[in-house]
Amino acid sequence: MSNKNLLFSIIFILLGFFAIWQISNSLEKKRPQLSQEFEDAELTFKSDTLAKYSLGLNGLFADWYWITSLQYLGKKAVQNKGNFQVDDLKSLNPKQLYPLLEAATNLDPKFVNVYSYGAIILPAIDESKAIKLTEKGIANNPNEWRLYQHLGYIYWKKGDFKKAAEIYKQGSTIDGVPTFMKMMAARVESEGGSRDIARQIYQQMYDEAGDETTKNLAASRLLQVESFEERDAINKILKDFLANNSRCAHNWREVFPALKSLKLPPNNRQLILDSNSSPIDPSKTSYLLDKTQCQAILDEKATKILLK
């Protein structure tokens, strides 16, 4: 194909996209409200068919699928008005997310950001599809250590610490890999799901997040780890009070001195207390005192800490 014909083809495609965008906007304004079943009907082009007619612009079409996948999940979240947990997106019923990500990576097998996004988000929907997409990413990008990190995370989250350690070890042999991967390869199998391992995994995920969804999930998990540690320490104080007084504490003031002197990981941080001596969780919500179980619990109606 001559340069002139190629230029004409590119211009024709771009004009076509613009026309489709204009028509789509017009139709969207007039579109009747459909049920959820129809909203999730598969209306996207098959990526392998589309590739035959892309005139070498596979990357452009892959970008379109990638952006569409982000908008799709965002729209689902808005429709559900925040009534879901970021670590369990099944309630959103995002049936088209995996096909959209799969299409983007079929068109551009080197699109690492798509694999990374899928590895972080899909476990909250379907772990098997998350593994499938990430393994596909490694097969097409064997020197991308971050994909091994993501796959190791998926297996770690499943509780398969031996498999997670194997994957971290594979990734740790890649040239230029950070010491984090080598450390995780050595520690995951022996320490499993320890809080310290969890903190390091989510901190690394947060520091290297390439999108806001991943960053927010990692931040939420870090707060959850902090809350687990706080509740463990508070509950020990409450159990000691029970042993010494043969009853549960009636209120937080009765254990105020012990709460005030607590030193928590990491770096011996102090527990935050409000004016009523109530301990505050990492999302700035007061813990509740369960006087029947003698323990601190989350205020599920107010807290932003993940509940599971």
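For the structure, see preceding data.
Since the model is a prediction, treat every value here as computed from it, not as a measurement. (Residues numbered from 1 in each chain as written. Predicted model: local features only at pLDDT ≥ 70, side-chain atom pairs only at ≥ 80, totals over all residues. Heavy atoms only, no water.)

Asker: Honestly, the overall build of the chain in this entry has me stumped. Any pointers?
Answerer: For the chain, the count of helices and strands is 13 helices and two strands. Buried residues in the chain amount to 42% of all 308 residues. Sequence-distant contacts, at least 24 apart, represent 55% of the contacts inside the chain between residues at least 6 apart. When the accessible surface of the chain is totalled, it reaches about 17400 Å², and 55% of it is carbon and sulfur. (Helix = DSSP H or I, 4+ residues; strand = E, 2+ residues; numbered from the N terminus. Buried < 20%, exposed > 50% of the residue type's maximum accessible area, 1.4 Å probe, protein only. Contact = heavy atoms within 4.5 Å. Areas by Shrake-Rupley, 256 points an atom, 1.4 Å probe, with all protein chains shown as cover.)

Asker: Can you help me understand helix H5 (residues 97-107) in this one?
Answerer: For an α-helix the count is 3.6 residues per turn, leaving residues at separations of three or four pointing the same way. Within H5, eight of the 11 residues are buried, which leaves the element mostly enclosed by the surrounding structure. Among all positions in H5, only Leu97, Tyr98, Leu100, Leu101, Ala103, Ala104, Thr105 and Leu107 are buried.

Asker: Is there a simple way to think about the nonpolar core in this case?
Answerer: One broad trend across soluble globular proteins is that nonpolar side chains are buried collectively. Ranked by internal contacts, the top residues of the largest apolar core, which has 58 residues, are Leu97, Tyr153, Trp156 and Tyr168. When near neighbours in sequence (up to four residues on either side) are disregarded, Tyr168 contacts Gln149, Gly152, Tyr153, Met181, Met184, Ala185, Val188 and Ile201. Formed by 17 residues, the second largest nonpolar core is a distinct cluster that contains Trp252, Leu262, Leu264 and Ile305. (Core = buried A, V, L, I, M, F, W, Y, C linked by side-chain atoms within 4.5 Å.)

Asker: Mind showing me how you'd approach the layout of surface pockets here?
Answerer: Of the volumes computed, that of the second largest pocket is approximately 310 Å³. Around the second largest pocket, the lining comprises 21 residues; the ones closest to its centre are Ser116, His150, Glu208, Ala209 and Gly210. The set of elements that each furnish at least two residues to the lining of the second largest pocket consists of helix H6 (112-121), helix H8 (145-158) and helix H11 (195-207). When residues of the lining of the second largest pocket are assigned to their parent elements, the largest contribution, five residues, is made by H6. Here the residues of the lining of the second largest pocket are counted per class, giving 10 nonpolar, seven polar and four charged. (1 Å grid on protein atoms, 1.4 Å probe; cavity = no way out; pocket = protein on both sides within 12 Å on 5 of 7 lines; lining within 4 Å. Points joined across faces, edges and corners; volume = space filled by probe spheres on them. Nonpolar A, V, L, I, M, F, W, Y, C, P; charged D, E, K, R; others polar.)

Asker: Would you mind showing me how to read the side chain of Thr214 here?
Answerer: Among the structural elements, Thr214 can be located in helix H12 (residues 212-245). For Thr214, a relative accessible area of 5% corresponds to the buried category.

Asker: Explanation requested: helix H9 (residues 161-171) in the structure shown.
Answerer: When we look at burial in H9, the residues that qualify are Ala164, Ala165, Ile167, Tyr168 and Gly171. Summarising the axial view, the buried residues of H9 lie within an arc of 165°, below the 170-degree limit, and thus occupy one face. For H9, the exposed residues lying more than 90 degrees away from the buried face are Lys162 and Lys169. Each element contacted by the buried residues of H9 is listed here: H8, helix H10 (179-191) and H11. (Arc of directions from axis to C-beta.)

Asker: Is there a simple way to explain the side chain of Glu230 in this structure?
Answerer: Within the fold, Glu230 resides in helix H12. Residues contacting Glu230, with those up to four places away along its chain left out, are Leu264, Arg269, Leu271, Ile280, Asp281, Pro282 and Tyr287.

Asker: What is the right way to read the packing of H8 against H9 from this model?
Answerer: Interhelical geometry of H8 versus H9 gives an angle of 175° and a closest axis separation of 8 Å. Classed by the angle they form, the pair H8 and H9 counts as roughly antiparallel. Seen from H8, the contacting residues are Trp145, Tyr148, Gln149, Leu151, Gly152, Tyr153, Tyr155 and Trp156; seen from H9, they are Phe161, Lys163, Ala164, Ile167, Tyr168, Gln170 and Gly171. Across the contact of H8 with H9, the residue classes tally to 10 nonpolar, four polar and one charged. (Axes fitted to C-alpha atoms, helices over the stretch in contact; angles between N-to-C directions. Parallel < 35°, antiparallel > 145°, perpendicular 65-115°, else oblique.)

Asker: Is there a simple way to think about the state of the cysteines in this case?
Answerer: What is meant by a disulfide is a covalent connection between two cysteines, made through their sulfur atoms. Summed over the entire model, instances satisfying the criterion amount to one disulfide. Here Cys248 pairs with Cys294 through a disulfide, and the sulfurs are 1.4 Å apart. Taking the sign of the torsion about the S-S bond as the criterion, the disulfide between Cys248 and Cys294, at about -65°, is left-handed. With Cys248 in the loop between H12 and helix H13 (256-260) and Cys294 in the loop between strand S1 (288-290) and strand S2 (295-297), this pair connects stretches of sequence that are 46 residues apart. (Disulfide = S-S within 2.5 Å.)

Asker: Looking at this model, I keep getting lost on the packing of aromatic side chains. Mind explaining?
Answerer: Each aromatic ring pair is characterised by the separation of its centres together with the angle its planes make. Going through the model one piece at a time under the given rule, you end up with six aromatic pairs. Geometrically, the ring pair formed by Tyr153 and Tyr202 is edge-to-face, given 5.9 Å between the ring centres and 75° between the ring planes. Residue Tyr153 is located in helix H8, and its partner Tyr202 is located in helix H11; the two are separated by 49 residues in the primary sequence. Classification of Tyr153 as buried rests on a relative accessible area of 4%. Residue Tyr202 is classed as buried on the basis of its relative accessible area of 4%. Site record: aromatic cluster; members linked through ring pairs are Trp66, Phe111 and Tyr117. The residue whose ring lies beneath Lys163 is Tyr155, and the NZ or CZ to ring-centre distance is 5.8 Å. Lying over the aromatic face of Tyr206, Lys215 brings its terminal NZ or CZ to 4.1 Å of the ring centre. (Phe/Tyr/Trp six-rings, centres within 6.5 Å; stacked < 30°, edge-to-face > 60°. Lys NZ or Arg CZ within 6 Å of the ring centre and 35° of its normal.)

Asker: Just checking my understanding: could you explain the pattern of salt bridges for this structure?
Answerer: Where side chains of opposite charge bring their charged atoms close, a pairing between them can arise. Counted according to the given criterion, the structure contains 11 salt bridges. The residue Arg187 makes a salt bridge to Asp196 at a minimum N-O spacing of 2.7 Å. Here Arg187 falls in the buried class, since its relative accessible area comes to 17%. Judged by its relative accessible area of 34%, Asp196 is partly exposed. (Salt bridge = Lys/Arg side-chain N within 4 Å of Asp/Glu carboxyl O.)

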